[in-house]
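Examination of the molecular architecture
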Amino acid sequence: MKILAFESSCDETAVAVVEDGRQILSDAIASQADMHALYGGVVPEIASRKHVEVIAALTEQALNDAGCGKDDIDAVAVTYAPGLIGAVLVGLSFAKSVAYAWGKPLIPVHHVRGHIAANYLAFPELEPPFLALAISGGNTLIVDVRDYTDLKILGATRDDAAGECFDKAARVLGLPYPGGKPMDELAQQSQGGVYTLPRAHVDGAELDMSFSGLKTAVVNLSHHAEQTGEALDRAALARDFTNAVSGELVPRAMKALAQTGYKTMCAAGGVAANSIIRADLEAACKKADCQLYLPPLRLCGDNGSMIGAQGYYEFLAGHTADMALNAFATRDIDA
Ligand code: KG4
């Protein structure tokens, strides 16, 4: 079964053709990151306009790259939530038009379910159940993937997502948007151990997380150095910050893993590209005798293929929609 899949929830327009949820036939992406870098972060209105500009040409490219025409496509999958509402609406409206004009089933896909499904594309042997640590620019979740379309949140951030925290910390350190990758490179230049950063816990919810205090601490340290003229060891701060984020994520993921009794874990989302978090997860999973799946870097960030992968399993479960399907800025992964 060949699915034409659309993703437009933030600042990447992405269209892909995926076969049977596991094989990428094409994967066209137009990133707007350079445009938003001018403003130090995503400007939602600009994101929507840029999606409108490229989505038709990108669809043609994805179909051509896959060697597919209208008759080869069996269904259309699309991110319908969560994300920047204007941005999600562009992809959703376009996908609905294609599905209607071509007479194909329309499959709504939750964006974070898509991130987790990126692992199905990279690892053919991977099947639920497993534990997923989904860490992206807008979401930070520990998820029990009981089955392909039966997911349960075990832990979540109570405020900022890990990626949002990386981007804001990077900005005050003078790094370009999106800040995750440059922070990673800067952090690798130091062993850290210079700055003491706050660590949060949520009473009565040991798997929940909070990143806003950490973000504010980096902002305050940077402003304080600016105002007093003190030298800031930027590499050490990047390292201590990353260690602190990893220290929030990895032990909680391992705790959740122990609770489920699973021996398989996957990482997902843009922040799963972080070299220090990847190394920490590898070390922890090795110690716990757990099989860890880390998606290749190109499948960590937003892409259309992951929507095609999850879309396949949503279709098998009978989760299709009619033309009344709406977009949602927020929606739980287990809704
Ligand atoms: O998954 P993604 O592309 O978009 C969302 O679904 O949100 O994630 C984007 C986030 C950004 O915050 C970006 O800075 C972060 O992933 N990111 C990283 C790294 N590469 C991208 N964060 C930490 N380390 C990285 N190497």
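Just so you know, the residues in each chain are numbered from 1, in the order the chain's sequence is written. Local features in this predicted model are restricted to residues whose pLDDT is 70 or higher, and side-chain atom pairs enter the listing and the counts only when it is 80 or higher, whereas totals over whole chains, interfaces and linings include all residues. Only hydrogens and water are removed before side-chain values are computed, so all heavy atoms of the structure are retained for them.

**With respect to the domain arrangement of the protein chain**
Taken domain by domain, the protein chain holds domain 1 (2–116 + 302–316) and domain 2 (128–298). The split of the chain into domains comes from an automatic or database domain assignment. Computed from C-alpha atoms alone, the centre-to-centre distance between domain 1 and domain 2 is 27 Å. In what follows, residue pairs with any heavy atoms lying within 4.5 Å of each other are defined as contacts. Taken together, the 19 residues of domain 1 in the interface contact 18 residues of domain 2. Buried area is a sum: the accessible area each of two parts loses on coming together, probed at 1.4 Å, counted once for each and added. Buried area between domain 1 and domain 2, both sides added, is near 1,400 Å², and the carbon and sulfur share of it is 65%. By salt bridge we mean one thing: a side-chain nitrogen of Lys or Arg within 4 Å of a carboxyl oxygen of Asp or Glu. Joining domain 1 to domain 2, the criterion identifies 0 salt bridges. Throughout this description, a polar contact denotes any pair of N or O atoms lying within 3.5 Å of each other; where both atoms belong to protein, one of them has to be capable of donating a hydrogen while the other can accept it, and for residues adjacent in sequence the pair is counted only when both atoms sit in side chains. One can count 5 residue pairs in polar contact (both at pLDDT 80 or more) joining domain 1 with domain 2. Grouping the amino acids of the side of domain 1 that touches domain 2 by side-chain chemistry returns 9 nonpolar, 6 polar and 4 charged. In this count, Pro and Cys sit with the nonpolar residues alongside Ala, Val, Leu, Ile, Met, Phe, Trp and Tyr, while Asp, Glu, Lys and Arg are called charged and the others, Gly among them, polar.

**Topic: the packing of aromatic side chains**
Ring pairs are drawn from Phe, Tyr and Trp, using the six-membered ring of Trp, whenever the two centres fall within 6.5 Å, and their geometry is named by plane angle: stacked under 30 degrees, edge-to-face over 60, tilted for the rest. Enumeration over the complete set of coordinates arrives at 9 aromatic pairs. Plain terms: the ring middles of Phe166 and Phe241 are 5.1 Å apart, the flat faces sit at 90° to each other, and that makes the pair edge-to-face. Of this pair, Phe166 sits in helix α5 (residues 162–172) while Phe241 sits in helix α8 (residues 234–260); the two residues are 75 residues apart in sequence, bridging distant segments of the chain. Side by side, Phe166 and Phe241 carry an identical accessibility label, which is buried. Members of the aromatic cluster, each reached through a chain of ring pairs, are Tyr120, Phe130, Tyr148, Tyr312 and Tyr313. Positioned over the ring face of Phe328 is Arg331, at 4.0 Å from the centre of the ring. Secondary structure elements follow DSSP: runs of H or I of four or more residues count as helices, runs of E of two or more count as strands, with numbering from the N terminus. Throughout this description, buried means an accessible area under 20% of the type-specific maximum (1.4 Å probe, protein chains only), exposed means over 50%, and partly exposed covers the range between. Our definition puts a charge over a ring when NZ of Lys or CZ of Arg is within 6 Å of the ring centre and also within 35 degrees of the ring normal.

**Considerations on a negative patch on the surface**
Taken together, the side chains of Asp20, Asp71, Asp72 and Asp74 define an acidic patch exposed on the protein surface. Here Asp72 is to be found in the loop between α2 (44–66) and β4 (75–81). Two distance rules govern patches: like charges are joined within 9 Å, and nonpolar side chains (Val, Leu, Ile, Met, Phe, Trp, Tyr) within 5 Å, applied only to residues with over 30% relative accessible area and no salt bridge. Where accessible areas are quoted, they stem from the Shrake-Rupley method and a 1.4 Å probe; at the residue level, only the protein chains shown are allowed to cover. Neither His nor the chain ends contribute to the count of charged residues, in which Lys and Arg are positive and Asp and Glu negative. By convention, the point assigned to a charge is CZ for Arg, NZ for Lys, CD for Glu and CG for Asp.

**Describing the side chain of Asp302**
Position of Asp302 among the secondary structure elements: in the loop between α10 (297–300) and α11 (305–316). Among buried Asp, Glu, Lys and Arg side chains, Asp302 stands out as unpaired, with Arg298 the closest opposite charge at 14 Å. Among the polar contacts listed, one links the side chain of Asp302 to the side chain of His115, at a separation of 3.0 Å. The contacts of Asp302, once residues within four sequence positions are left out, are Glu7, Ser9, Cys10, Glu12, Ile29, His111 and His115.

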